[in-house]
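Below are the chains, spelled out letter by letter.
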Amino acid sequence: MHWSSDDSVQRRSIPDSHPMQECQHDPLPRNIATIALQCDVVPGFFHRDIQFLHFHSNRTSCPSLLRTVLQARVSISDRESTILHLKTLLRMHSQPQGARRARCGRFRTHGRGSPPRHLLRQVRLGTACVAGPSHLAFSQEVEHALAQSIPVVALESTIITHGMPYPQNLETAKQVEQVVRENGAVPATIAVLEGVPHIGLDEEQLKGLALIGQDAVKTSRRDFAFVMAKQKNGATTVSGTMILAHKAGIDVFVTGGIGGVHRGAENSMDISADLTELGRTPMAVVCAGAKSVLDIPRTMEYLETQGVCVATYRSDEFPAFFTRSSGCASPHRVDSPQECARMIEANRALDLQSGLLFAVPIPEEQMGDAVTVQSAIDHALVEADKQGIIGKDVTPFLLERVNTLSGGKSLASNIALILNNARIGAQIAASCATLRHVS
């Protein structure tokens, strides 16, 4: 939205009960910060408030802060984000210079491996989207695809923030989206930005997520209420992505590997929410199996208990993420995207309200040294136990340590398998669209 600076901006009448009423005829409002912070009390008059402030900024000696606040409105599409930036800027004005820089709306990361600060200062996660149902924000590309029945593939964002270091995470995210497009579907990377669930991200938003990394909240079903209410940035896990993708009307979701039953779960009760979500959300999930740091036999048992249909793509054995072999037989086998599409349609026809898991083994030529990777996993598990790492922090820690201990072999395998999954997943989504068109 563009705000003109000429005299065409006219003063509008304001109700007596509105907080701006007290300064309507005052050429220089004395308590502008307090009044601006109250603007969200009467949402219907928010845009009128901005015009009124703009009117005064061009005719008085208002501080430069006021113009900064008005400029912040240009790049943000929804009222809630505008209020957030307005409050942040006004509160910054009363803080020391160092604190202002720390809270200027740009993103930071901490710890080893953080991106250069000059990159962080350049990145913002503004929303450029189309309003959708259930408080979702759609990118224009995804909105158009869904409206025209063009196949769409959902992609998670935790793999960007917690699965890989920068800049490999950004490069991989772009490559995955490109592979989806090359195979006849539209990619929809899903995340929560400033408290708003987004279905589809633009290039700047992808870069922002890659830069903030683990400062983003890892968001599954249990976390949505908190992340949205606090207007935080959330990277959706497998379970979180399934929920939002289903609400958006997307049937196919591609990820690297699912979570599962952790080793020692008989004592810790550490079982991923991915498994229970697969049991109650009708979504086709394409992955490279369960991560090999997990207890795969127990994971398979839990999936059976949840009523999840599991099929392996062109193999009789369930894969173990980095390797093609887990030692567990696959319940079912499929050999083409068309077979997968027919399973998805059958699941929909019966309205089973449970998911399907298509496990795609990593290509043989891109598989890491199984012995090296397994040795690294064993060492990483011992370290995690000694350091007392539990819950949702376990998997990111293990993946990072396994990559270090394997000399980078596991990261190369991780990238290869997600690209392969994206190719198969896009083909499945395209087959679903074709099948529905024919029927």
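You'll find the structure just up there.
Residues numbered from 1 in each chain as written. Predicted model: local features only at pLDDT ≥ 70, side-chain atom pairs only at ≥ 80, totals over all residues. Heavy atoms only, no water.

Where do I start with the packing of aromatic side chains in this structure?
For any two aromatic rings, the description comes down to two numbers: the centre-to-centre distance and the angle of the planes. A complete count under the given rule lists one aromatic pair for this structure. Measuring from centroid to centroid gives 4.7 Å for F321 and F322, while their planes differ by 70°, and the two rings are edge-to-face. On the basis of relative accessible area, F321 is assigned to the buried category, the value being 2%. (Phe/Tyr/Trp six-rings, centres within 6.5 Å; stacked < 30°, edge-to-face > 60°. Buried < 20%, exposed > 50% of the residue type's maximum accessible area, 1.4 Å probe, protein only.)

Just to check I follow, could you spell out helix α10 (residues 203-212) for this structure?
Note that an α-helix has 3.6 residues per turn; residues three or four places apart therefore point the same way. When you tally the buried positions in α10, you get seven out of 10 residues, the bulk of the element. Of all the residues in α10, the buried ones are Q205, L206, G208, L209, A210, L211 and I212. Structurally, the start of α10 carries an N-cap: the backbone nitrogen of E204 is 3.2 Å from a side-chain oxygen of D202. Within two residues after α10, G213 carries a phi angle of roughly 50°, on the positive side. (Helix = DSSP H or I, 4+ residues; strand = E, 2+ residues; numbered from the N terminus. Polar contact = N/O pair within 3.5 Å; in protein donor to acceptor, adjacent residues only side chain to side chain.)

Would you mind going over the packing of helix α9 (residues 168-182) against helix α19 (residues 409-438) with me for this structure?
The description of two packed helices rests on the angle between their axes and on the distance between the axes. Between α9 and α19, the shortest axis-to-axis distance is 8 Å and the interhelical angle comes to 20°. Of the possible angle classes, the one that applies to α9 and α19 is roughly parallel. In this structure, α9 crosses over α19, and the sense of that crossing is right-handed. Every residue of α19 that contacts α9 at Q168, T172, Q175, V176, V179 and V180 is listed here: L411, I415, I418, L419, A422, R423 and A426. Of the residues belonging to the contact of α9 with α19, the class tally is nine nonpolar, three polar and one charged. (Axes fitted to C-alpha atoms, helices over the stretch in contact; angles between N-to-C directions. Parallel < 35°, antiparallel > 145°, perpendicular 65-115°, else oblique. Left-handed = near helix turned anticlockwise from the far one by under 90°. Contact = heavy atoms within 4.5 Å. Nonpolar A, V, L, I, M, F, W, Y, C, P; charged D, E, K, R; others polar.)

Hey, could you run me through unusual backbone geometry in this one?
Going from Y166 to P167, the amide bond is cis rather than trans, its omega being 5°. For P167, the location among the structural elements is in the loop between α8 (158-161) and α9. Unlike most non-glycine residues, R314 shows phi in positive territory, near 55°. With respect to the helices and strands, the residue R314 is situated in the loop between β10 (309-313) and β11 (332-334). Residue classification places R314 among the partly exposed residues on the basis of a relative accessible area of 48%. Of note, F321 is a non-glycine position whose phi angle comes to about 65°, a positive value.

Which parts of the structure should I look at to understand α9?
With 15 residues, α9 extends 21 Å between its outermost C-alpha atoms, agreeing within 8% with the 21 Å of an ideal straight helix rising 1.5 Å per residue. Within the span of α9, buried status applies to N169, L170, T172, A173, V176, E177, V179 and V180. Each element contacted by the buried residues of α9 is listed here: β3 (152-155), α8, β4 (186-193), α10 and α19. In the stretch just after α9, G184 is the one whose phi turns positive, near 90°. (Expected span 1.5 Å × (residues − 1).)

So what exactly am I meant to see when it comes to the pairing of strand β12 (residues 356-359) here?
Where burial is concerned, the two faces of β12 agree: the one with L356 and F358 and the one with L357 and A359 are both buried. Where β10 lies against β12, four bridges are found, and the strand directions are parallel. Residue pairing across strands places T312 opposite A359, the latter belonging to β12. (Pairing = 2+ DSSP bridges.)

Teacher, can you tell me more about the state of the cysteines here?
By definition, a disulfide links two cysteine residues through a covalent bond between their sulfur atoms. Tallied over the entire structure, the rule returns zero disulfides. Looking at C340, it has no disulfide partner, and the nearest cysteine sulfur is the one in C432, 8.5 Å off. C340 sits in the buried class, given a relative accessible area of 0%. (Disulfide = S-S within 2.5 Å.)

Can you help me understand the pairing of β10 in this one?
If a strand is regular, its side chains alternate between the two faces of the sheet. The element β10 is extensively covered by neighbouring structure, given that four of its five residues are classed as buried. Bridging between β10 and β11 involves three bridges; their strand directions are parallel. If you follow T312 over to β11, its bridge partner there is R333.

Teacher, can you tell me more about the pattern of salt bridges here?
Charged atoms that come close allow side chains of opposite charge to pair. Considering all chains together, one arrives at 16 salt bridges under this definition. R436 is the partner of D251 in a salt bridge, and the nearest nitrogen-oxygen pair spans 2.6 Å. Of this pair, D251 sits in the loop between α12 (238-248) and β8 (252-254) while R436 is found in helix α19, placing the two residues 185 residues apart along the sequence. Close ionic contact of E345 with R436 constitutes a salt bridge, the shortest N to O distance being 2.6 Å. Placement of the pair is E345 in helix α16 (residues 337-349) and R436 in helix α19, with a sequence separation of 91 residues. Looking at R436, the relative accessible area reads 32%, which means it is partly exposed. Salt bridges sharing common partners tie together D251, E345, R348 and R436. (Salt bridge = Lys/Arg side-chain N within 4 Å of Asp/Glu carboxyl O.)

Explain the packing of α16 against α19 here, please?
Where α16 contacts α19, the axes come no closer than 8 Å and their chain directions differ by 60°. Considering the angle they form, α16 stands oblique to α19. Relative to α19, α16 is oriented so that their crossing is right-handed. Contact with α16, carried on its side by P337, Q338, C340, A341, R342, I344, E345 and R348, involves Q427, I428, S431, C432, L435 and R436 of α19 and no other residues of that element. Split by residue class, the contact of α16 with α19 holds seven nonpolar, three polar and four charged.

Coordinates in, geometry out; function isn't part of it.
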